[in-house]
Amino acid sequence: MRATVMFGAGDVRIEAIADARIIEPTDALVVVSRACICGSDLWPYKVMEHSDTGRPMGHEAIGIVESVGADVRTIKVGDLVVMPFAYSDGTCVFCSEGLHTSCIHGGFFGTGEVGGAQAEALRVPLADGTLFVLPVGKDDVLMPSLLTLSDVMGTGHHAAIAAKVGPGKTVAIVGDGAVGLCGVIAARRLGAEQIIILGRHPDRTALAKDFGATDVVSERGDEGIQRVRELTDGLGVHSVLECVGLEQSMLTAISIARPGGAVGRVGVPQNETMTGSEAAFYNNITVSGGPAPVRAYIAELLPDILEGRIEPGRVFDRVVRLDEVPDGYRAMNDREAIKVMVEP
Ligand SMILES: [Zn+2]
C-alpha cells in the first residue's frame, strides 16, 4: 500500500510499504477515506534529522473498518469510524478519568510502533476503546467537520477546558492555526463573553471572527500584551488558550492572563523549560494542558457538528490526493494553507 513517510526535514515522500494488517486480536484494520496534515507534523518537517528508514506520518483520519481481530467486540466490519490521534483501551484508570492520552496500554499514531494515517490503510490497536463509530455515510457533507474530532476540534476544546473557560469569561487565544481557530469555537461554545484572537494572517483572523472571536490583536510581543490589556480594562483575560508551543507564545500567554487566571496549553512545547515562571507565580496563574484526550470529547462535540451548531471543518482550505501530500506539507509550512485534508 502507499503511505506518507518523512525521511528528514522537508523530505516527505509517498512510499510503497507493507500492507497494514491485523497483528493483535484487539486490532482493527481501517481503510482511510479522509486524513489530514497536522500543525504538529510541521515540527519534524522543520527540524527532523535524516533517517534512512523514515517515520510514518499522520494521526488524524476517518475510514471504514475492513476487518477486525478475534477479540474486538463493538467495532464491526463496514463501520465508518473516526480515530483519535492516540489509541487507548477505554477501560484503564486514566481512560476512566477521561485522560485517554495517558492510557496505560495506549500510544500515539505515526510514531513508528504503529503506522501513520496519511496512508491508504491503517492498523488501529485497541479498536474497541479507540475508534468511535459515526452515524453518517462516508460522503456526508459534514465529513470535514467530523474529521476535526480526530484532533484539532478536540484539542481546541481541551485548551478551553484547561484554561477554565466558562460563561461570561474573557478569553484570549494565542495562535491562529487550525487548533487556535477551533479554540475560538470551543470558547464560544462554552459561553465566553469576550474572545480575543492573537494572529496576524487576515484570512485566519477573518475565519476566527466568523467562529465567534470578538477582537483581533495582530501585534506581537510586548505590543500584543499591551493591546490585550487595553481590551480588558487593564486586567488581562480570565483564560488563555496557548496553541503554538514556542517560548514567545507561552510568555505572551502568561503575560496576558489576569491574576487568578488560567493558561491551557496544547501547542506541543518546543523547549525543555517553561518560560514565564515568575509572572505565573506572582499572579497566581494556573498553567495546565497537554495532549488532548480527544477520545473523551467526541461524544460531547459530535451532536453540535451533526446539528450544525459548530463548523470546525471550515479550517480545511485545501484538499489533496495522497500523491500530493508532500506539497500539502509545503503549503502548510509556507502558511499558504491553514489545514490540508487528504483524500487517499
Ligand atoms: Zn486506558
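Quantities reported herein were computed from a predicted structural model and do not represent experimental measurements.

### Regarding the layout of surface pockets
Part 1: Within this model, the second largest pocket holds a volume of roughly 340 Å³.
Part 2: Listed by contribution, the elements that provide at least two residues to the lining of the second largest pocket are β1 (2–8) and β9 (121–124).
Part 3: If one sorts the elements of the lining of the second largest pocket by residue count, β9 sits on top with three residues.
Part 4: Its residues assigned to classes, the lining of the second largest pocket shows 12 nonpolar, three polar and four charged.

### Here's the deal with the coordination of the zinc ion
A four-donor tetrahedral metal ideally has 109.5 degree angles, and a six-donor octahedral metal ideally has angles of 90 or 180 degrees.
Part 1: Coordination sphere of the zinc ion, protein contribution only: Asp89 (OD), Cys92 (SG), Cys95 (SG) and Cys103 (SG), at 2.1 to 2.3 Å.
Part 2: The coordination sphere of the zinc ion comprises four donor atoms, whose angles at the metal cover 94 to 122 degrees; the geometry is tetrahedral.
Part 3: As a motif over one chain, the donors of the zinc ion read D-x2-C-x2-C-x7-C. One end of the pair, Cys92, is in the loop between β7 (86–87) and α2 (93–96); the other, Cys103, is in the loop between α2 and β8 (107–108), with 11 residues separating them in the sequence.
Part 4: Look at Cys92 and you get buried, because its relative accessible area is 9%.
Part 5: The exposure class of Cys103 is buried, given its relative accessible area of 8%.

### So, the pairing of strand β12 (residues 194–198)
Part 1: Extensive coverage of β12 is indicated by the burial of five of its five residues.
Part 2: Residues Gln194, Ile196 and Leu198 point to one face of β12 and Ile195 and Ile197 to the other, with burial holding for every one of them.
Part 3: The sheet contact formed by strand β11 (residues 170–174) and β12 spans five bridges and is parallel. Residue pairing for β12: Val174 is matched across the bridge by Leu198.
Part 4: Between the parallel elements β11 and β12, the chain passes through helix α6 (residues 178–189) in a crossover that is right-handed.
Part 5: Where β12 lies against strand β13 (residues 215–217), three bridges are found, and the strand directions are parallel. Within β13, the position partnered with Ile197 by the bridge is Val216.
Part 6: The parallel pair β12 and β13 is bridged by helix α7 (residues 202–211), and the resulting crossover is right-handed.

### Observations concerning the environment of Pro326
Part 1: Within the element layout of this structure, Pro326 appears in helix α12 (residues 325–333).
Part 2: It is 13 Å that separates the C-alpha atoms of Pro326 and Cys38, two residues lying 288 residues apart in sequence.
Part 3: Residue contacts for Pro326: discarding those within four places in its chain leaves Val12, Arg13, Ile14 and Tyr45.

### So, empty space enclosed by the protein
Part 1: Under the definition given, this model contains one cavity of 30 Å³ or more.
Part 2: Taken as a whole, the largest cavity holds about 30 Å³ of empty space.
Part 3: Lining the largest cavity are Val30, Val32, Ala61, Ile62, Gly63, Val81, Met83, Val124 and Leu131.
Part 4: Mapped onto the lining of the largest cavity, the elements with two or more residues apiece are β3 (28–36), β5 (61–68) and β6 (80–83).

### Here's the deal with the packing of aromatic side chains
Part 1: In the structure shown here, the tally under the stated rule is four aromatic pairs.
Part 2: Summarising the aromatic geometry, the rings of Phe281 and Tyr282 are spaced 5.1 Å apart at their centres and angled 90 degrees between planes, so their arrangement reads as edge-to-face.
Part 3: Using a relative accessible area of 60% as the deciding quantity, one classes Phe281 as exposed.
Part 4: Tyr282 gets classed as exposed once you look at its relative accessible area, which sits at 62%.
Part 5: Just above the ring of Phe7 sits the side chain of Arg13; from NZ or CZ to the centre is 4.0 Å.

### Observations concerning the sheet that holds strand β14 (residues 237–242)
Part 1: Read from one edge of the open sheet, six strands run β13-β12-β11-β14-β15-β16, paired in parallel fashion. Every interior strand has two partners, whereas the edge strands, β13 and β16 (286–289), have only one. Geometrically, the sheet is characterised by an average inter-axis angle of 20 degrees between neighbouring strands, direction not taken into account.
Part 2: Two elements, β11 and β14, share four bridges in a ladder whose sense is parallel. Looking across to β14, one finds that Val171 is bridged to Ser239.
Part 3: Helix α9 (residues 247–256) rests against β11, β12, β14, β15 (257–265) and β16 of the sheet, and its axis sits at about 145 degrees to β15.

### Observations concerning the environment of Gly245
Part 1: Tracing the backbone through its elements, the reader meets Gly245 in the loop between β14 and α9.
Part 2: Separated by 107 residues in sequence, Gly245 and Lys138 place their C-alpha atoms 34 Å apart.

### A few points about the pattern of salt bridges
Part 1: All chains considered together, the criterion is met by 18 salt bridges.
Part 2: Here Arg309 makes a salt bridge to Glu307, at a shortest N to O gap of 2.8 Å.
Part 3: On the basis of relative accessibility, which here comes to 53%, the residue Glu307 falls in the exposed class.
Part 4: Residues joined by salt bridges that share partners form a network here, namely Arg189, Glu300, Asp304, Glu307 and Arg309.

### So, the side chain of Arg295
Part 1: With respect to the element layout, Arg295 can be found in helix α11 (residues 294–306).
Part 2: Here Arg295 is buried and forms no salt bridge, its nearest opposite-charge partner Asp128 lying at an N-O distance of 8.7 Å.
Part 3: There is a polar contact of 3.0 Å between the side chain of Arg295 and the backbone oxygen of Thr130.
Part 4: Every residue in contact with Arg295, bar those within four places of it in the chain, is listed here: Pro84, Ser88, His100, Asp128, Gly129, Thr130, Leu131 and Phe132.

Here is what the cut-offs are and how they apply
- Residues numbered from 1 in each chain as written.
- Predicted model: local features only at pLDDT ≥ 70, side-chain atom pairs only at ≥ 80, totals over all residues.
- Heavy atoms only, no water.
- 1 Å grid on protein atoms, 1.4 Å probe; cavity = no way out; pocket = protein on both sides within 12 Å on 5 of 7 lines; lining within 4 Å.
- Points joined across faces, edges and corners; volume = space filled by probe spheres on them.
- Helix = DSSP H or I, 4+ residues; strand = E, 2+ residues; numbered from the N terminus.
- Nonpolar A, V, L, I, M, F, W, Y, C, P; charged D, E, K, R; others polar.
- Donors = N, O, S within 2.8 Å, 3.2 Å for Na, K, Ca; no water.
- Tetrahedral: all angles 85-135°; square planar, octahedral: opposite > 155°, others 65-115°.
- Buried < 20%, exposed > 50% of the residue type's maximum accessible area, 1.4 Å probe, protein only.
- Pairing = 2+ DSSP bridges.
- Right-handed = clockwise from strand over helix to strand, strands pointing away.
- Contact = heavy atoms within 4.5 Å.
- Phe/Tyr/Trp six-rings, centres within 6.5 Å; stacked < 30°, edge-to-face > 60°.
- Lys NZ or Arg CZ within 6 Å of the ring centre and 35° of its normal.
- Axes fitted to C-alpha atoms, helices over the stretch in contact; angles between N-to-C directions.
- Salt bridge = Lys/Arg side-chain N within 4 Å of Asp/Glu carboxyl O.
- Lys, Arg positive; Asp, Glu negative; His and termini not counted.
- Polar contact = N/O pair within 3.5 Å; in protein donor to acceptor, adjacent residues only side chain to side chain.

Nothing here speaks to function; it is all geometry.
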